[in-house]
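Tertiary structure, described
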Amino acid sequence: DPRFGFDKGLVYMTKVFENTVSAQIYGIRYQNYLIEMLKAKTINQKENCGDCSLNGCNIEIKASILNDTNRKLNLLQLRTYQNVHFYLFLACDSVYDKEYIYILNKDELSKEFKVMNAVQTHGTKDANKDNINVSFSLKLNFSKENDHLKRWNELYRVSNINEAIDRINGAYKDGKKQ
């Protein structure tokens, strides 16, 4: 069932997913759940402009499960060269039954790449020097209080999906920055 757990929410889905399916599988489930909650339109991956569209804004979604052995939000293959306006990141914490939702626009994510020393997901700097389509990865550590986590919680964290929608709708209209 592609909608398994949607009616019970993220905490329930996390408890089931963390020991039963791979990150690739639960990532798609979380993505589909968030798209439905956003009331957004799914974008075909061949279009290279994120996972969904809401009121003219393209959104890329990434999700991780936090547990006893992994306390990092792993953000892999972030493609800022694509036509994406917002990045919605979800960390589902199975230890504390909490969810952390962050929403950043492209400029904010680019600044975080520098501050957090994002790394190229594939290849080396030298191998990618002429490649304009380079994806990056970074990790947000939840294992202890740190400057990055504090900044993200203050600047980018929203308390629920409706706040994320408000942030998108307030900052952009028809895909154009207001």
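So, a few notes on the structure that sits alongside this text.

Calculation rules
Residues numbered from 1 in each chain as written. Predicted model: local features only at pLDDT ≥ 70, side-chain atom pairs only at ≥ 80, totals over all residues. Heavy atoms only, no water. Pairing = 2+ DSSP bridges. Helix = DSSP H or I, 4+ residues; strand = E, 2+ residues; numbered from the N terminus. Contact = heavy atoms within 4.5 Å. Axes fitted to C-alpha atoms, helices over the stretch in contact; angles between N-to-C directions. Buried < 20%, exposed > 50% of the residue type's maximum accessible area, 1.4 Å probe, protein only. Core = buried A, V, L, I, M, F, W, Y, C linked by side-chain atoms within 4.5 Å. Salt bridge = Lys/Arg side-chain N within 4 Å of Asp/Glu carboxyl O.

For the rest of this paragraph, the subject is the sheet that holds strand S8 (residues 136-141). Sheet architecture is open: three strands sit in the order S4-S8-S7, paired in antiparallel fashion. Strands with a single pairing partner mark the edges of an open sheet, and in this sheet they are strand S4 (72-78) and strand S7 (119-120). Here S4 pairs with S8 via five bridges, running antiparallel. The partner of Leu-75 across the bridge, within S8, is Leu-138. Of the strands in this sheet, S4 and S8 touch helix H4 (residues 147-155), which is tilted by about 95° from S8.

Moving on, we come to the environment of Thr-80. In this structure, Thr-80 sits in the loop between S4 and strand S5 (86-93). For Thr-80, a relative accessible area of 19% gives the class buried. Sequence separation between Thr-80 and Phe-136 is 56 residues, and the spatial gap between their C-alpha atoms is 8.2 Å. Filtering out sequence-adjacent residues up to four positions away, Thr-80 remains in contact with Tyr-87, Lys-106, Leu-109 and Phe-113.

The pairing of strands in a sheet comes from backbone hydrogen bonds and takes either a parallel or an antiparallel form. An order of S1-S2-S3-S5-S6-S9 is seen for the six strands of this open sheet, with the pairing classed as mixed. Both edges of this open sheet fall to strand S1 (41-42) and strand S9 (157-158), since each of them pairs with a single strand only. Taken together, the three bridges between strand S2 (residues 52-54) and strand S3 (residues 57-66) define a ladder with antiparallel strand orientation. Counterpart to Leu-54 in the pairing with S3 is Cys-57. Each of S1, S2, S3 and S5 touches helix H2 (residues 23-38); the most contacted strand, S3, lies at about 135° to it. Each of S5, strand S6 (98-105) and S9 is contacted by H4, which is oriented at about 75° to S6, the strand it contacts most.

Looking now at the nonpolar core. One recurring pattern in soluble globular proteins is that nonpolar side chains are buried together. Core analysis: the largest hydrophobic core is formed by 29 residues, its most contacted members being Tyr-30, Leu-38, Ile-59, Leu-88 and Leu-90. At the level of elements, helix H1 (10-17), H2, S2, S3, S5, S6 and helix H5 (161-171) are the ones that each hand at least two residues to this core. With residues near it in sequence (within four places) discarded, Ile-59 still touches Leu-38, Gly-50, Asp-51, Cys-52, Leu-54, Val-84, Phe-86, Leu-88 and Ile-168. Core analysis: the second largest hydrophobic core is formed by 21 residues, Phe-89, Tyr-102, Leu-109 and Trp-152 among them.

Quick look at the pattern of salt bridges now. On inspection of all chains with the given rule, the structure shows six salt bridges. For Asp-93, the salt bridge goes to Arg-71, with nearest N and O atoms at 2.7 Å. Remark: Arg-71 occurs in the loop between S3 and S4 and Asp-93 occurs in strand S5; sequence separation between them is 22 residues. For Arg-71, a relative accessible area of 15% translates into the label buried. The partner of Arg-167 in a salt bridge is Glu-108, with the nearest N and O atoms 2.8 Å apart. One end of the pair, Arg-167, is in helix H5; the other, Glu-108, is in helix H3 (residues 106-115), and 59 residues separate them in sequence.

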